[in-house]
Amino acid sequence: MTNNFQIIRAGVNTTFQDQGRNNLYHIGIPFSGAMDNRNYSLANKLVGNKLNSPVIEFAYQGPHIKYLGEKINIAVTGDIVFKIIKNGTEIDGNCYESYQIESGDEINLISTNKSVYGYLAFGGELDLKFQWNSCSINTKANIGSNNGKKLENGKKVNILNINSDQSKKKTNYINSKVENIRVIKGPNFDYFSEEGKKIFFEKEFSVSKLSDRMGMRLEGPKIENIVNTNIKSEGLLKGVIQVPADGNPIIMLSDHGTIGGYPKIGVVASVDYDRLVQISPGSKIKFKEINLSDAETLFKLYEMDTQNLLNQI
């Protein structure tokens, strides 16, 4: 029997993602990969996959999927409303818990709940095309599996080597809510007026509906530039905060371009990146300054906490 699933409804911005592409910035290839790395890793661990295995990532509304094949475990992570459909009967699903599904069963990932991204993992090897050692889809550059496109209705994917361990697994992880996003000063911090700097750290900004996997656009009080609103293009990294001429910050996310010419006022500390990407449009965001040493320490503690969560499964 061939094991596969078919997309009945694709949902919003549904893609395959893994840990992304390393060491390719110099040829203009962004890192990509799962937006929320902790939830991505937990999804794989719950079904017994290697932590770098591909999963389905979706935003706002997930896909509706029908499975055909041998028994297999699935898990959903994030803050997601979903149902498993067996013989026409709907079962409310719980995130951070594995479920065994059988041929003909369906998974309906209805919506995220006051968040943006969710993850669905199958306990086996998805038969996907890899490009530069990753299947991650970057729709802006048409890179990755599925010809670099979002998943579409009717798409079928084979599953190879279903995991033999299909024991029930769960964790009691709760997604933490955002208060302040911690940042360190950017390389062009002195380009901005004292009032602009004060606004950046003391005022609230709203997340724009124009945000996507490439960048999070913010709206709010304008941040004044007193030197130059354009600079020579230079390297960017995930989490850097650029301020174009209109004074509204843009935070570079996982599919960001590798160079840019807007002044950089700050960089989101890596410890807060997973929480940052889950802030939905219309929500308020506020920044808090920390230094580089504290950012490094906090990220190490966050990584240790993530590993502890994985070890508990």
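Our structure's up above, just so we're on the same page.
To start, this report covers the structure provided alongside it. Residue positions are given per chain, counted from 1 along the sequence in the order it is written. At least 70 in pLDDT is required for a residue's local features to be given in this predicted model, at least 80 for side-chain atom pairs to be given and counted, and no such filter applies to totals for whole chains, interfaces and linings, which use all residues. The side-chain numbers reported here are obtained from all heavy atoms of the structure, hydrogens and water having been left aside.

Focus: the side chain of Lys264
Secondary structure is summarised from DSSP: a helix means a run of H or I of at least four residues, a strand means a run of E of at least two, and numbering begins at the N terminus for each. Tracing the backbone through its elements, the reader meets Lys264 in strand β20 (residues 264-268). What makes Lys264 buried here is its relative accessible area of 3%. Looking at Lys264, its side chain comes within polar contact range of the side chain of Glu234, at 2.6 Å. Residue contacts are counted whenever heavy atoms from the two residues lie within 4.5 Å of one another. Those residues within four positions of Lys264 in sequence are excluded, and the remaining contacts are Gly186, Pro187, Asn188, Phe189, Phe192, Ile231, Glu234, Gly235, Leu236, Val240, Ile241 and Gln242. Buried, partly exposed and exposed residues are distinguished by accessible area as a fraction of the type maximum, computed with a 1.4 Å probe on protein chains only: under 20%, between the cut-offs, and over 50%, respectively. Whenever two N or O atoms come within 3.5 Å, that pair is a polar contact, provided that in protein one can donate a hydrogen and the other can accept it, and provided that, for residues adjacent in sequence, both atoms are side-chain atoms.

Regarding the packing of helix α1 (residues 37-46) against helix α4 (residues 292-311)
Only the contacting stretch of a helix is used when fitting its axis, a line to C-alpha atoms as for every element, and angles between N-to-C directions run 0 to 180 degrees. Running from N to C, α1 and α4 point in directions that differ by 20°, and their axes come no closer than 10 Å. As summarised for this structure, α1 and α4 are arranged roughly parallel, according to the angle between their axes. Here α1 and α4 pass one another in a crossing that is right-handed. Note on element contacts: α4 touches α1 through Tyr302, Asp305, Thr306, Leu309, Leu310 and Asn311, opposite Arg38, Ser41, Leu42 and Lys45. Working rule for angles: under 35 degrees goes down as roughly parallel, over 145 as roughly antiparallel, 65 to 115 as roughly perpendicular, anything else as oblique. Definitions for this section: a left-handed crossing has its near helix turned counterclockwise from the far helix by less than a right angle. A right-handed crossing has that turn clockwise.

Structural notes on the environment of Pro30
Structurally, Pro30 can be placed in the loop between β2 (15-17) and α1. Residue classification places Pro30 among the buried residues on the basis of a relative accessible area of 8%. Put simply, Pro30 and Asp255 are 225 residues apart on the chain and 5.9 Å apart in space, counted from C-alpha to C-alpha. Among all residues touching Pro30, those that are not within four sequence positions of it are Arg21, Tyr25, Asn138, Ser254, Asp255, His256 and Thr258.

Brief notes about the pattern of salt bridges
Two side chains that carry opposite charge are able to pair once their charged atoms sit near each other. By definition here, a salt bridge exists when the distance from a side-chain nitrogen of Lys or Arg to a carboxyl oxygen of Asp or Glu is within 4 Å. In the structure shown here, the tally under the stated rule is 14 salt bridges. Here Lys83 and Asp92 are joined by a salt bridge, their closest N and O atoms 2.4 Å apart. One salt bridge in this structure joins Asp255 and Arg213, with 2.9 Å as the shortest N-O distance. You can see Asp255 sitting in the loop between β18 (250-252) and β19 (259-260) and its partner Arg213 sitting in the loop between β14 (205-207) and β15 (215-219), a full 42 residues away along the chain. Taken individually, Asp255 and Arg213 each receive the classification buried, so the pair is uniform in this respect.

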